[in-house]
Amino acid sequence: NKSEIEQLANNLGITKTTAKLLLNRDINNIEEAKTFLNPSLDKLYDPFLLKDMDKAVLRIEEAIKNKESIWIYGDYDVDGVSSVSILLKYFENANYKANFYIPNRIEEGYGINKDAIGRMYEEGANLIITVDCGITSVEEIDYAKKLGIDVIITDHHQCQETLPNAYAIINPKQEDCKYPCDILCGCGIAFKLIQALTPKESFSKDVYNYLDIVAIATVADVVPLIDENRIIVSNALNYINNTKNIGLKSLLEITKLNDKKINTGHIGFVIAPRINAAGRIGSADLGVKLLTTDDIDEARELASLLEKENQDRQEIENKILKEALEIIEQNPKYKKDKVLVLYGENWHQGVIGIVASRILELYHKPVIIFTKQENIAKGSARSIPSFDIFESLNLCKEIFISFGGHKQAAGLSLKIEDIEILREKINNIADEILTDEDLIPKIYCDGYLALEDINNKLLDELNTLEPFGLGNPNPRFINLDLKAKDVKSVGVDNKHLKMCVENHIMTFDSIGFNLGQYSSSMNNANRIAALFTPEYNEFNGHTKIQLNLKDLKVINSNNIIDEILERNYYNSINFTNENKTFISYENGDNYYPVDFTQNKGNSLLNFIDNYRNDKILILVNTLQGAQSLIKILEIRNMDMDTGLKIHYNNIIGYSNSNIDIVINPNIDKIQYKLYNSIIIYDMLFSENDYLFLLNNTRNIDKKFFYSNNDEKKNVYILKKIIPTRKKLVEIYRYLRRHGTLSNISIDAIILDMQKSNLDINRKLLEHAIIIFAEGKLLNYSFKKDKYNIQILDAKEKINIENLSTFKFYNNFIKEFINFKDKWLNNVRGGKNHGFI
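Presented here is a report on the structure given in the accompanying data block. These numbers come from a predicted model, not from an experiment.

Definitions and limits used
Residues numbered from 1 in each chain as written. Predicted model: local features only at pLDDT ≥ 70, side-chain atom pairs only at ≥ 80, totals over all residues. Heavy atoms only, no water. Helix = DSSP H or I, 4+ residues; strand = E, 2+ residues; numbered from the N terminus. Rg over C-alpha atoms; globule rule 2.2 N^0.38 Å. Contact = heavy atoms within 4.5 Å. Areas by Shrake-Rupley, 256 points an atom, 1.4 Å probe, with all protein chains shown as cover. Salt bridge = Lys/Arg side-chain N within 4 Å of Asp/Glu carboxyl O. Buried < 20%, exposed > 50% of the residue type's maximum accessible area, 1.4 Å probe, protein only. Pairing = 2+ DSSP bridges. Axes fitted to C-alpha atoms, helices over the stretch in contact; angles between N-to-C directions. Patch = residues over 30% accessible without salt bridge, like charges linked within 9 Å, V, L, I, M, F, W, Y side chains within 5 Å. Lys, Arg positive; Asp, Glu negative; His and termini not counted. Charge placed at Lys NZ, Arg CZ, Asp CG, Glu CD. Polar contact = N/O pair within 3.5 Å; in protein donor to acceptor, adjacent residues only side chain to side chain. Parallel < 35°, antiparallel > 145°, perpendicular 65-115°, else oblique. Left-handed = near helix turned anticlockwise from the far one by under 90°. Nonpolar A, V, L, I, M, F, W, Y, C, P; charged D, E, K, R; others polar.

## Looking at the overall build of the protein
No. 1: Secondary structure summary: the protein contains 30 helices and 24 strands in total.
No. 2: Expected size for 836 residues packed as a compact globule is a radius of gyration near 28 Å; at 32 Å, the protein falls within 12% of this value.
No. 3: Its C-alpha atoms put the protein at 90 × 65 × 60 Å along the principal axes.
No. 4: Taking contacts inside the protein between residues at least 6 apart in sequence as the whole, the part at least 24 apart equals 67%.
No. 5: Of the roughly 40400 Å² of accessible surface on the protein, a fraction of 46% belongs to carbon and sulfur atoms.

Listed below in structure tokens is the structure:
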């Protein structure tokens, strides 16, 4: 929204590009933006806003006063290890000894277990504080209570319908918890407990005992880096190079990060994996000991051990990955499978989740990997954004011994002989849900950026948006009109791409990591599109701006850009207040070929391949359908000059192209007899059009395409162009405010309305003006794309809803709903066309 961008830019003294980035991250008011750009520790929320925090604090203080045995129970990943570590450090600073327990990943699995509670009971435990776990442990907490142990749960995972009967539960995801930030990791919740336990006057100094560890957990657990998470990580990164934590300092030394400015990438890809490695293939206790030791020699020894554990983990992981890839490449079934289900009897359970993630990155398909443990198959699942792995596995739950997880990851176990049953069933589910487009990885960007807008001021502002991560991604921009020169492959095995990109004003060096294979394509391109991040490059003491390329595309000179397509679409859509008389059509016993598919791209290209010698007509009715269709044909690199042409409403004269696409077709005007084959790419808007088409194309091969929820796209368009009473009020207020408009283009009116935050398009405005004219609220004339509008003084109150034009447009939606119901009955198995 241009007005919001300008408002933020002017009030904060920043570029419009940076203002757009803030809005893209849902930061849309001045105060929120100031906090985002200056994430000070004094903006941390009051910890007592968390439900049960007061109870937890009083119970812990009572335990210390009465010298009770306090145990901290954590998970074995980075988040759990970090959570345990900061609470141990708190109790140490309070001169009180606390104990800790972390379960073994292989032998005990995730979460609290009764055996562990029994061991702590035998050690005299009076109070257990869980960190990063416990919110689903109903039976286990009851067991602890039966033994006389109080349990305080601190957790950040989703709550189930029944909560454990704990002494206190600190979890912002509880329904009745009013805490403003519910995206903290487990260590973040433990940190809030420490904040509550610490007097305010001491916390501003003591916070640095914990901040660096909390930041490591926050980045490693991949929670959104906004709100309190941003405050924690941003301040920690400013401090971490000078950390007083001896163990962390030793880890930075052994990984050669001690003389580098630490960023979230260093944490996510270097520091966290080493802390995590111990819990994956050994004991997570090593990580806790490293982060809590005060002995420099012990710290260096522990850092070395974790480095060795990580190397071992990498070797195991690479071995499993190699074996898994061989299975995939050597077995043809995996080429058609949309979910890759793999099994290796001797694969290490602690690393199969990482391997699943790496295979997902390579194939962009959901992955489930199993290994054998105690004669059952233990598995880890990872998924792509468009496939909810938890919900899909839930449809197969009768096969499992146990399973749990969330949308993108899950853990499960079943009988080894049932793995193949799961593979078949989960792929049948995926075939119903996933399209071919879903299996293409998507890169999101922040919008268009001209080369002339890239300068030191912009880059300095982009640096203020750090740290980057989930919820605040590294800014990426797109430019669709660039030239490449001085193109070459560089690096080991020529893996990387180095070139200059330029327009008629500016030139920048650019680097594309792992894009070296595309150097010949760039050399032969006269125009390219690039997705990139501008950054500083320091070399030999010199600093200059370069573009870090994320993706590239060779652009055809007549490539259709979505903005132009959208404008043309709304300009051409044509519903008139006329009654067409079409010949009644009887279906008889002839069933009609409806292609009910979630793979429209495949279906379309297969149809074209099968009828490649035919003259093909493609009718497309919705904007989303048009955008999808053109992208699919661009991917096929079809020749837009000779092989394919795009028309709106009708085809004027004779078209010599092999394929004609008609967007917003006037069904009763097209010369169907010129074509051998017809594709109706998405739903028509009326039953009348449908019947006319059937009646006049009896002897032509054709296919109606339908995918789940296609009808919603039609409804979306109808709601965009058919004015509601509320929308009419908004438009009329705008026109009345301007009084008389003389010789003004419709595009100029629309642009000005959009600046006033009106959701408007050409067709909606035209329909509104027609209704206002019928209601004698205005006079207008329209000539050569320009309006003359005069607002009239209403002599009496007008009920817009009684106007015939208003009724016509709104009845159109009702008629479509009726048609839609018949259509769905047809494609889902109803008799013939659903119209009998």
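## Topic: the pattern of salt bridges
No. 1: On inspection of all chains with the given rule, the structure shows 33 salt bridges.
No. 2: In this structure, the salt-bridge partner of Arg25 is Asp446, at a minimum N-O distance of 2.8 Å. Remark: Asp446 occurs in the loop between helix 19 (419–433) and helix 20 (456–464) and Arg25 occurs in the loop between helix 2 (16–24) and helix 3 (30–37); sequence separation between them is 421 residues.
No. 3: Overall, Arg25 belongs to the buried group, its relative accessible area being 8%.
No. 4: With its nearest N and O atoms 2.9 Å apart, the salt bridge here joins Lys457 to Glu461. With Lys457 and Glu461 both in helix 20 and four residues apart, the pair spans about one turn of that helix.
No. 5: A relative accessible area of 44% means that Lys457 is categorised as partly exposed.
No. 6: Given the relative accessible area of 8%, Glu461 is considered buried.
No. 7: Taken together, the shared-partner salt bridges in this structure form one network comprising Lys333, Lys336, Asp337, Glu420 and Arg423.

## A look at the sheet that holds strand 15 (residues 542–554)
No. 1: Taken together, the five strands give a closed barrel; going around it, the order is 11-12-13-15-14, and neighbouring strands pair in mixed fashion. Neighbouring strand axes in the sheet, compared pairwise and without regard to direction, differ in orientation by 45 degrees on average.
No. 2: Of the pairings in the sheet, the one linking strand 13 (residues 507–512) to strand 15 comprises three bridges and is parallel in character. The partner of Ser510 across the bridge, within strand 15, is Leu547.
No. 3: The strands touched by helix 20 are strand 11 (477–490), strand 14 (528–539) and strand 15; relative to strand 14, the strand with the most contacts, the crossing angle is about 85 degrees.

## Things to note about unusual backbone geometry
No. 1: Looking along the chain, the bond that leaves Glu466 and enters Pro467 is cis, with omega of 5 degrees.
No. 2: One non-glycine residue, Glu374, lies in the positive phi region at around 50 degrees.
No. 3: Within the fold, Glu374 resides in the loop between strand 7 (367–373) and strand 8 (376–382).
No. 4: Even without glycine at this site, Asn514 takes up a positive phi of about 65 degrees.
No. 5: With respect to the helices and strands, the residue Asn514 is situated in the loop between strand 13 and helix 21 (519–523).

## Some thoughts on the environment of Thr464
No. 1: Take Thr464: it is sitting in helix 20.
No. 2: Remark: the alpha-carbon pair of Thr464 and Leu37, spanning 427 residues in sequence, is separated by 6.1 Å.
No. 3: The residues contacting Thr464, other than those within four sequence positions of it, are Leu37 and Arg230.

## Thoughts on a negative patch on the surface
No. 1: A surface patch of negative charge is lined by Glu92, Asp294, Asp295, Asp297, Glu298 and Glu301.
No. 2: The leading source of residues in the negative patch is helix 15 (residues 296–330), at three residues.
No. 3: Following the sequence through the fold, Asp294 ends up in the loop between helix 14 (285–292) and helix 15.

## Quick look at helix 12 (residues 246–254)
Owing to its 3.6 residues per turn, the α-helix brings residues three or four apart onto one side.
No. 1: All of the buried residues along helix 12 are Gly247, Leu248, Ser250, Leu251 and Leu252.
No. 2: A side-chain oxygen of the first residue of helix 12 lies 3.1 Å from the backbone nitrogen of Gly247; this N-cap is Asn245.
No. 3: One or two positions beyond helix 12, positive phi appears at Lys256, with a value near 60 degrees.

## Details of the side chain of Asn666
No. 1: Tracing the chain through its elements places Asn666 in the loop between strand 19 (659–663) and strand 20 (677–680).
No. 2: Every residue in contact with Asn666, bar those within four places of it in the chain, is listed here: Asn574 and Asn649.

## Quick word on the packing of helix 4 (residues 53–65) against helix 8 (residues 186–197)
No. 1: Two elements in contact, helix 4 and helix 8, have axes whose closest approach is 10 Å; the angle formed by their N-to-C orientations is 65 degrees. The orientation of helix 4 with respect to helix 8, classified from their angle, is roughly perpendicular. Crossing hand, helix 4 versus helix 8: right-handed. The segment helix 4 lies against helix 8, with Met53, Ala56, Val57, Ile60 and Glu61 engaging Lys192, Leu193, Ala196 and Leu197.
No. 2: Among the residues making up the contact of helix 4 with helix 8, the classes are represented as seven nonpolar, no polar and two charged.

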